[in-house]
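# Results of the structural survey
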Amino acid sequence: MPEGPEVRREADAIGRVLTDKKLTETFFEPVHLKHFAHRLVGQQVVEVTTRGKALLISFQNGRVLYSHNQLYGRWVVVPKGKAPDTNRILRVALTTDTHSALLYSATDIAFMAEKDIKTHPYLRKLGPDVLSQTLSWRQIAERLCDKRFSGRSISGLYLDQSFLAGLGNYLRSEILFAAGVSPAAKPQELESAKINELARRTLMLSVRAYKSGGVTNHPDTVRALRKAGYPRSKYRFAVFGRDKSDCYRCGEKVRRVTANGRRLYLCPSCQR
Ligand SMILES: [Zn+2]
(Lines give C-alpha, C1' and ligand atoms only; values in the text may rest on other atoms or scores of the structure.)
Protein backbone atom coordinates (compact mmCIF):
# COMPACT_ATOMS: atom_id res chain seq x y z
CA MET A 1 0.00 0.00 0.00
CA PRO A 2 1.40 3.43 -0.83
CA GLU A 3 2.26 5.39 2.31
CA GLY A 4 1.99 9.12 2.99
CA PRO A 5 5.13 10.09 1.04
CA GLU A 6 4.01 8.20 -2.09
CA VAL A 7 0.52 9.69 -1.99
CA ARG A 8 1.98 13.18 -1.52
CA ARG A 9 4.16 12.69 -4.60
CA GLU A 10 1.08 11.57 -6.57
CA ALA A 11 -0.69 14.74 -5.39
CA ASP A 12 2.29 16.87 -6.48
CA ALA A 13 2.24 15.30 -9.95
CA ILE A 14 -1.51 15.90 -10.30
CA GLY A 15 -1.18 19.42 -8.90
CA ARG A 16 1.47 20.32 -11.49
CA VAL A 17 -0.97 19.74 -14.36
CA LEU A 18 -4.35 20.57 -12.77
CA THR A 19 -3.87 23.43 -10.29
CA ASP A 20 -5.35 26.72 -11.58
CA LYS A 21 -6.53 24.94 -14.74
CA LYS A 22 -10.12 24.48 -15.94
CA LEU A 23 -11.43 21.00 -16.57
CA THR A 24 -12.57 20.45 -20.16
CA GLU A 25 -13.75 16.83 -19.76
CA THR A 26 -14.47 14.54 -16.84
CA PHE A 27 -15.33 10.87 -16.40
CA PHE A 28 -16.61 9.04 -13.33
CA GLU A 29 -17.09 5.28 -13.42
CA PRO A 30 -18.75 4.84 -9.98
CA VAL A 31 -22.52 5.19 -10.42
CA HIS A 32 -22.92 7.35 -7.30
CA LEU A 33 -20.53 9.93 -8.76
CA LYS A 34 -21.71 10.09 -12.37
CA HIS A 35 -24.02 13.05 -11.80
CA PHE A 36 -21.04 15.14 -10.65
CA ALA A 37 -19.24 14.68 -13.97
CA HIS A 38 -20.96 17.41 -15.99
CA ARG A 39 -20.96 19.85 -13.05
CA LEU A 40 -17.15 19.80 -12.98
CA VAL A 41 -16.64 20.72 -16.62
CA GLY A 42 -15.46 24.34 -16.70
CA GLN A 43 -14.54 24.23 -13.02
CA GLN A 44 -11.06 25.37 -12.02
CA VAL A 45 -8.92 23.16 -9.75
CA VAL A 46 -7.86 25.15 -6.68
CA GLU A 47 -5.41 22.71 -5.07
CA VAL A 48 -4.37 19.08 -4.75
CA THR A 49 -3.41 18.05 -1.23
CA THR A 50 -3.15 14.99 0.99
CA ARG A 51 -4.31 14.03 4.46
CA GLY A 52 -2.35 10.96 5.47
CA LYS A 53 -2.96 8.48 2.67
CA ALA A 54 -6.04 10.26 1.32
CA LEU A 55 -5.80 12.58 -1.68
CA LEU A 56 -8.00 15.68 -1.95
CA ILE A 57 -8.65 17.71 -5.11
CA SER A 58 -10.44 21.00 -4.40
CA PHE A 59 -12.51 22.84 -6.97
CA GLN A 60 -13.52 26.47 -7.37
CA ASN A 61 -17.16 25.61 -6.52
CA GLY A 62 -16.19 24.55 -2.98
CA ARG A 63 -16.44 20.82 -3.69
CA VAL A 64 -13.65 18.37 -2.91
CA LEU A 65 -12.93 15.03 -4.57
CA TYR A 66 -11.66 12.57 -1.97
CA SER A 67 -9.87 9.35 -2.93
CA HIS A 68 -8.02 6.69 -0.97
CA ASN A 69 -5.86 4.26 -2.94
CA GLN A 70 -6.05 1.45 -0.36
CA LEU A 71 -4.19 -1.55 -1.82
CA TYR A 72 -4.71 -1.21 -5.55
CA GLY A 73 -5.68 2.36 -6.44
CA ARG A 74 -3.32 4.48 -8.46
CA TRP A 75 -3.38 7.99 -9.93
CA VAL A 76 -1.55 8.50 -13.23
CA VAL A 77 -0.87 11.79 -15.02
CA VAL A 78 -0.64 11.72 -18.82
CA PRO A 79 -0.72 14.16 -21.74
CA LYS A 80 -4.32 14.56 -22.98
CA GLY A 81 -5.41 11.61 -25.13
CA LYS A 82 -2.54 9.33 -24.07
CA ALA A 83 -4.19 6.78 -21.81
CA PRO A 84 -1.72 4.14 -20.59
CA ASP A 85 -1.97 0.56 -21.81
CA THR A 86 -3.42 -1.17 -18.76
CA ASN A 87 -6.02 -3.74 -17.73
CA ARG A 88 -6.93 -1.71 -14.67
CA ILE A 89 -10.41 -0.22 -14.45
CA LEU A 90 -10.54 3.53 -14.96
CA ARG A 91 -12.56 5.11 -12.12
CA VAL A 92 -12.03 8.84 -12.61
CA ALA A 93 -10.59 11.03 -15.35
CA LEU A 94 -10.04 14.77 -14.95
CA THR A 95 -8.89 16.41 -18.17
CA THR A 96 -7.65 19.91 -19.02
CA ASP A 97 -6.61 21.35 -22.41
CA THR A 98 -3.26 19.60 -22.09
CA HIS A 99 -3.32 16.75 -19.53
CA SER A 100 -5.41 14.12 -17.79
CA ALA A 101 -5.23 12.84 -14.22
CA LEU A 102 -6.55 9.26 -14.25
CA LEU A 103 -7.49 7.24 -11.20
CA TYR A 104 -7.41 3.47 -11.66
CA SER A 105 -8.81 0.65 -9.53
CA ALA A 106 -9.57 2.67 -6.36
CA THR A 107 -13.01 2.14 -4.86
CA ASP A 108 -12.94 4.62 -1.97
CA ILE A 109 -13.93 7.79 -3.83
CA ALA A 110 -16.31 10.51 -2.67
CA PHE A 111 -17.39 14.07 -3.34
CA MET A 112 -17.93 16.40 -0.44
CA ALA A 113 -18.29 20.04 0.42
CA GLU A 114 -15.16 21.58 1.99
CA LYS A 115 -16.98 21.98 5.29
CA ASP A 116 -17.69 18.23 5.42
CA ILE A 117 -13.99 17.24 5.43
CA LYS A 118 -14.01 17.56 9.23
CA THR A 119 -16.80 15.00 9.61
CA HIS A 120 -15.75 12.49 6.93
CA PRO A 121 -15.53 9.05 8.62
CA TYR A 122 -11.89 8.44 7.61
CA LEU A 123 -10.53 11.99 7.69
CA ARG A 124 -11.97 12.97 11.07
CA LYS A 125 -10.06 10.17 12.82
CA LEU A 126 -6.65 11.11 11.42
CA GLY A 127 -3.87 12.33 13.69
CA PRO A 128 -1.39 15.04 12.61
CA ASP A 129 0.06 14.46 9.14
CA VAL A 130 3.74 13.42 9.20
CA LEU A 131 4.33 15.56 6.12
CA SER A 132 2.64 18.67 7.48
CA GLN A 133 5.03 21.61 7.34
CA THR A 134 3.79 22.78 10.72
CA LEU A 135 4.44 19.48 12.53
CA SER A 136 7.54 19.53 14.76
CA TRP A 137 9.39 16.62 16.35
CA ARG A 138 8.45 18.06 19.75
CA GLN A 139 4.77 17.61 18.92
CA ILE A 140 5.45 13.98 17.97
CA ALA A 141 7.31 13.49 21.27
CA GLU A 142 4.35 14.99 23.17
CA ARG A 143 2.01 12.66 21.34
CA LEU A 144 4.15 9.62 22.21
CA CYS A 145 3.90 10.64 25.88
CA ASP A 146 0.16 11.33 25.72
CA LYS A 147 -1.70 8.80 27.84
CA ARG A 148 -3.88 7.82 24.88
CA PHE A 149 -0.77 6.35 23.23
CA SER A 150 2.02 5.89 25.81
CA GLY A 151 0.85 2.48 27.06
CA ARG A 152 0.58 0.88 23.61
CA SER A 153 3.28 -1.01 21.70
CA ILE A 154 5.17 1.25 19.33
CA SER A 155 4.77 -1.27 16.49
CA GLY A 156 0.98 -0.83 16.78
CA LEU A 157 1.10 2.96 17.11
CA TYR A 158 3.17 3.31 13.96
CA LEU A 159 0.40 1.75 11.86
CA ASP A 160 -2.41 3.67 13.57
CA GLN A 161 -3.46 6.65 11.43
CA SER A 162 -5.05 8.31 14.44
CA PHE A 163 -1.61 8.49 16.08
CA LEU A 164 0.14 9.99 13.05
CA ALA A 165 -1.35 10.08 9.56
CA GLY A 166 0.74 8.94 6.61
CA LEU A 167 2.94 6.36 8.33
CA GLY A 168 2.77 2.82 6.98
CA ASN A 169 4.53 -0.49 6.98
CA TYR A 170 7.92 0.32 5.45
CA LEU A 171 8.20 3.61 7.34
CA ARG A 172 7.46 1.78 10.60
CA SER A 173 10.40 -0.61 10.22
CA GLU A 174 12.75 2.08 8.92
CA ILE A 175 11.95 4.65 11.62
CA LEU A 176 12.22 2.18 14.52
CA PHE A 177 15.57 0.96 13.20
CA ALA A 178 16.91 4.51 12.71
CA ALA A 179 15.89 5.41 16.27
CA GLY A 180 17.22 2.14 17.75
CA VAL A 181 13.84 1.31 19.28
CA SER A 182 12.43 -2.18 19.78
CA PRO A 183 8.98 -2.53 18.16
CA ALA A 184 7.65 -4.25 21.28
CA ALA A 185 8.53 -1.25 23.50
CA LYS A 186 5.86 1.11 24.79
CA PRO A 187 6.55 4.85 24.88
CA GLN A 188 6.07 4.88 28.68
CA GLU A 189 9.04 2.47 29.00
CA LEU A 190 11.46 4.74 27.11
CA GLU A 191 13.68 7.46 28.57
CA SER A 192 12.91 10.97 27.39
CA ALA A 193 16.11 11.12 25.30
CA LYS A 194 14.92 8.02 23.43
CA ILE A 195 11.43 9.46 22.94
CA ASN A 196 13.01 12.59 21.47
CA GLU A 197 15.24 10.51 19.18
CA LEU A 198 12.23 8.50 17.98
CA ALA A 199 10.24 11.69 17.37
CA ARG A 200 13.10 13.28 15.41
CA ARG A 201 13.61 10.16 13.28
CA THR A 202 9.88 9.88 12.60
CA LEU A 203 9.82 13.35 11.09
CA MET A 204 13.21 13.02 9.37
CA LEU A 205 12.53 9.69 7.64
CA SER A 206 9.02 10.65 6.54
CA VAL A 207 10.34 13.82 4.89
CA ARG A 208 13.33 11.93 3.47
CA ALA A 209 10.99 9.32 1.92
CA TYR A 210 8.89 12.10 0.39
CA LYS A 211 11.86 13.98 -1.07
CA SER A 212 13.74 10.89 -2.28
CA GLY A 213 10.78 8.96 -3.70
CA GLY A 214 10.80 6.33 -0.96
CA VAL A 215 14.51 5.94 -0.12
CA THR A 216 14.89 5.87 3.67
CA ASN A 217 18.34 4.34 4.13
CA HIS A 218 21.09 6.56 5.56
CA PRO A 219 22.39 8.88 2.80
CA ASP A 220 26.04 7.79 3.38
CA THR A 221 25.05 4.12 2.97
CA VAL A 222 23.02 4.96 -0.14
CA ARG A 223 25.97 6.84 -1.64
CA ALA A 224 28.41 3.98 -0.94
CA LEU A 225 26.07 1.30 -2.32
CA ARG A 226 25.27 3.32 -5.44
CA LYS A 227 28.98 3.93 -6.04
CA ALA A 228 29.54 0.17 -5.79
CA GLY A 229 26.90 -0.33 -8.50
CA TYR A 230 24.04 -1.68 -6.42
CA PRO A 231 20.49 -1.11 -7.75
CA ARG A 232 17.78 0.84 -5.92
CA SER A 233 16.25 -2.36 -4.55
CA LYS A 234 19.50 -2.91 -2.62
CA TYR A 235 20.12 0.62 -1.32
CA ARG A 236 16.55 1.85 -0.72
CA PHE A 237 15.96 0.54 2.81
CA ALA A 238 18.10 0.02 5.91
CA VAL A 239 16.12 -3.01 7.13
CA PHE A 240 12.74 -3.32 5.36
CA GLY A 241 12.70 -6.44 3.14
CA ARG A 242 16.31 -7.25 4.13
CA ASP A 243 15.78 -10.29 6.38
CA LYS A 244 18.84 -12.54 6.67
CA SER A 245 21.06 -9.75 5.22
CA ASP A 246 23.74 -7.96 7.25
CA CYS A 247 22.72 -4.81 9.14
CA TYR A 248 24.53 -1.88 7.47
CA ARG A 249 25.33 -0.48 10.92
CA CYS A 250 26.53 -3.46 12.98
CA GLY A 251 26.72 -6.51 10.69
CA GLU A 252 24.14 -8.55 12.63
CA LYS A 253 21.54 -10.37 10.49
CA VAL A 254 18.32 -8.42 9.93
CA ARG A 255 15.28 -10.33 11.16
CA ARG A 256 11.68 -10.47 9.88
CA VAL A 257 8.84 -10.76 12.39
CA THR A 258 5.07 -10.21 12.30
CA ALA A 259 3.83 -7.32 14.41
CA ASN A 260 0.18 -6.20 14.49
CA GLY A 261 -0.55 -8.46 11.54
CA ARG A 262 2.07 -6.94 9.22
CA ARG A 263 5.66 -7.85 8.46
CA LEU A 264 8.26 -5.89 10.34
CA TYR A 265 12.06 -5.95 9.92
CA LEU A 266 14.54 -5.18 12.66
CA CYS A 267 18.14 -5.53 13.73
CA PRO A 268 18.11 -7.36 17.07
CA SER A 269 21.44 -5.79 18.02
CA CYS A 270 20.69 -2.13 17.08
CA GLN A 271 17.12 -2.20 18.44
CA ARG A 272 17.17 -3.40 22.02
ZN1 LIG B 1 22.43 -3.50 13.55
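Reading guide: rules and limits
- Residues numbered from 1 in each chain as written.
- Predicted model: local features only at pLDDT ≥ 70, side-chain atom pairs only at ≥ 80, totals over all residues.
- Heavy atoms only, no water.
- Donors = N, O, S within 2.8 Å, 3.2 Å for Na, K, Ca; no water.
- Tetrahedral: all angles 85-135°; square planar, octahedral: opposite > 155°, others 65-115°.
- Buried < 20%, exposed > 50% of the residue type's maximum accessible area, 1.4 Å probe, protein only.
- Pairing = 2+ DSSP bridges.
- Helix = DSSP H or I, 4+ residues; strand = E, 2+ residues; numbered from the N terminus.
- Axes fitted to C-alpha atoms, helices over the stretch in contact; angles between N-to-C directions.
- Contact = heavy atoms within 4.5 Å.

## Considerations on the coordination of the zinc ion
Ligation of the zinc ion by protein atoms is provided by Cys247 (SG), Cys250 (SG), Cys267 (SG) and Cys270 (SG), these donors lying 2.2 to 2.4 Å from the ion. Metal-centred angles of 99 to 113 degrees between the four donor atoms at the zinc ion mark the site as tetrahedral. Considered as a linear motif, the donors of the zinc ion on their single chain read C-x2-C-x16-C-x2-C. Take Cys250: its relative accessible area is 37%, and that puts it in the partly exposed class.

## Let's talk about the sheet that holds strand 6 (residues 90-95)
Taken together, four strands build an open sheet; the order of strands is 1-6-7-5 and the sheet is antiparallel. Each edge of the sheet is formed by a strand with only one pairing partner; in this case those strands are strand 1 (25-28) and strand 5 (74-79). Taking the axes of each pair of neighbouring strands and ignoring which way they run, one obtains an average angle of 20 degrees across the sheet. Pairing geometry for strand 5 and strand 7 (residues 99-104), over six bridges, is antiparallel. In the strand pairing of strand 7, Arg74 is matched with Tyr104.

## A word on the sheet that holds strand 3 (residues 54-59)
In spatial order, the strands read 2-3-4-8; together these four strands make up an open sheet with antiparallel pairing. With partners counted over all chains shown, the strands left at the sheet margins are strand 2 (45-51) and strand 8 (108-113), one partner each. Neighbour to neighbour, the strand axes of the sheet diverge by 20 degrees on average, direction disregarded. Bridge count for strand 3 against strand 4 (residues 63-68) is five bridges, and the pairing is antiparallel. Bridged to Leu56 within strand 4 is Tyr66. Strand contacts of helix 1 (residues 4-18): strand 2 and strand 3, with the helix running at about 175 degrees to strand 2, the strand carrying the most contacts.

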